[in-house]
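Here is how the chains run, residue by residue.
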Amino acid sequence: MDITTLDRYQMEAMRTAANSDNADMRLMVASLGLAGEAGEVADHVKKVMGHGHALDRDYVVEELGDLMWYVANLADLMNVSLSDVATRNIEKLKARYPDGFSAERSINRGAGIEHGV
Ligand SMILES: [Mg+2]
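1. With respect to the overall build of the chain
Secondary structure summary: the chain contains 5 helices and 0 strands in total. The order of α-helices and β-strands along the chain, N terminus first, is α-α-α-α-α. Taking 2.2 N^0.38 as the reference for a compact globule, 117 residues should give roughly 13 Å; the C-alpha atoms of the chain span a radius of gyration of 17 Å, well beyond that estimate. Projected onto its principal axes, the C-alpha coordinates of the chain cover approximately 45 × 40 × 30 Å. In the chain, buried positions account for 22% of the 117 residues.

Next comes the structure, spelled out in structure tokens:
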């Protein structure tokens, strides 16, 4: 996939974003929405692992789309394209794990200095 496809997705997602001039409100909605959608995935996995439900792949895929929608909105609020977000992430991961993921590099990467994966 051409990474700029993400930018086309972002344009489509923004077509259905709330049309508000209140940047603080948009930031709050996008951030809480992102956390809420992640929570929907976590709740489903809790039910699968803890309550014996069947994994509903279609549900998870739909929630991934909801997450992408909020990521696109939050990126727009940060005045950055999704392709820039994706490129920065890949560059960070290449620097962190040049030979692919390793538990040893993960454990010894400087606690408290970096955030994330
Ligand atoms: Mg959802």
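And the narrative resumes.
2. Thoughts on the environment of Pro98
Of note, Pro98 is situated in the loop between helix H4 (82–96) and helix H5 (103–107). When the C-alpha positions of Pro98 and Gly50 are compared, they lie 36 Å apart, and in sequence the two are 48 residues distant. Beyond its immediate stretch of four places on either side in the chain, Pro98 contacts Leu93 and Arg105.

3. With respect to the coordination of the magnesium ion
Around the magnesium ion, the protein contributes the donor atoms Glu37 (OE), Glu63 (OE) and Asp66 (OD), which lie 2.0 to 2.2 Å from the metal centre. Here the donor residues for the magnesium ion map to a single chain with the spacing E-x25-E-x2-D. Of this pair, Glu37 sits in helix H2 (residues 23–51) while Glu63 sits in helix H3 (residues 57–77), placing them 26 residues apart in sequence. The class of Glu37 is buried, set by a relative accessible area of 10%. Glu63 sits in the buried class, given a relative accessible area of 3%.

4. A look at H3
Helix length check: H3 (21 residues) gives 30 Å between terminal C-alpha atoms against 30 Å at 1.5 Å per residue, within 8%. Listed as buried for H3 are Val60, Glu63, Leu67, Tyr70, Ala72, Asn73, Leu74, Ala75 and Leu77. As for H3, its buried residues are in contact with helix H1 (5–15), H2 and H4. Here H3 starts with a cap whose side-chain oxygen sits 3.2 Å from the backbone nitrogen of Asp58, and that cap is Asp56. A positive backbone phi angle near 55° is found at Asn79, which sits one or two residues after H3.

5. So, the packing of aromatic side chains
Summed over the entire model, instances satisfying the criterion amount to 2 aromatic pairs. Centre to centre, the rings of Trp69 and Tyr70 are 5.0 Å apart; their planes meet at 90°, and the pair counts as edge-to-face. Since its relative accessible area comes to 22%, Trp69 is described here as partly exposed.

6. Observations regarding the side chain of Gln10
Its place among the elements puts Gln10 in helix H1. Those residues in contact with Gln10, other than ones at most four positions away along the chain, are Ala72, Ala75, Asp76, Val80, Ser81 and Leu82.

Definitions and cut-offs
- Note on numbering: residues in each chain are counted from 1, in written sequence order.
- Totals for whole chains, interfaces and linings use all residues, but because this is a predicted model, local features are given only for residues with pLDDT of at least 70 and pairs of side-chain atoms are given and counted only at 80 or more.
- As a rule here, side-chain values cover all heavy atoms of the structure and leave hydrogens and water aside.
- Comment: elements are numbered from the N terminus, with helices defined as DSSP H or I runs of at least four residues and strands as E runs of at least two.
- Note on method: radius of gyration uses C-alpha positions; expected globular size equals 2.2 Å times residues raised to 0.38.
- Type-normalised accessible area, obtained with a 1.4 Å probe on protein chains alone, sets the label of each residue: buried when under 20%, exposed when over 50%, and partly exposed for intermediate values.
- The criterion used for residue contact is that any of the two residues' heavy atoms lie within 4.5 Å.
- Here a donor is an N, O or S atom found within 2.8 Å of the metal, or within 3.2 Å if the metal is Na, K or Ca; sites may look incomplete because water is not among the atoms.
- Here, expected helix span is obtained from the residue count minus one, scaled by 1.5 Å.
- For this analysis, a polar contact is any N or O atom pair within 3.5 Å, provided that within protein one partner can donate a hydrogen and the other can accept it, and provided that sequence-adjacent residues contribute only side-chain to side-chain pairs.
- Whether two aromatic rings pair depends on their centres lying within 6.5 Å, for rings of Phe, Tyr and Trp, where Trp uses its six-membered ring; planes under 30 degrees apart make the pair stacked, over 60 edge-to-face, and the rest tilted.

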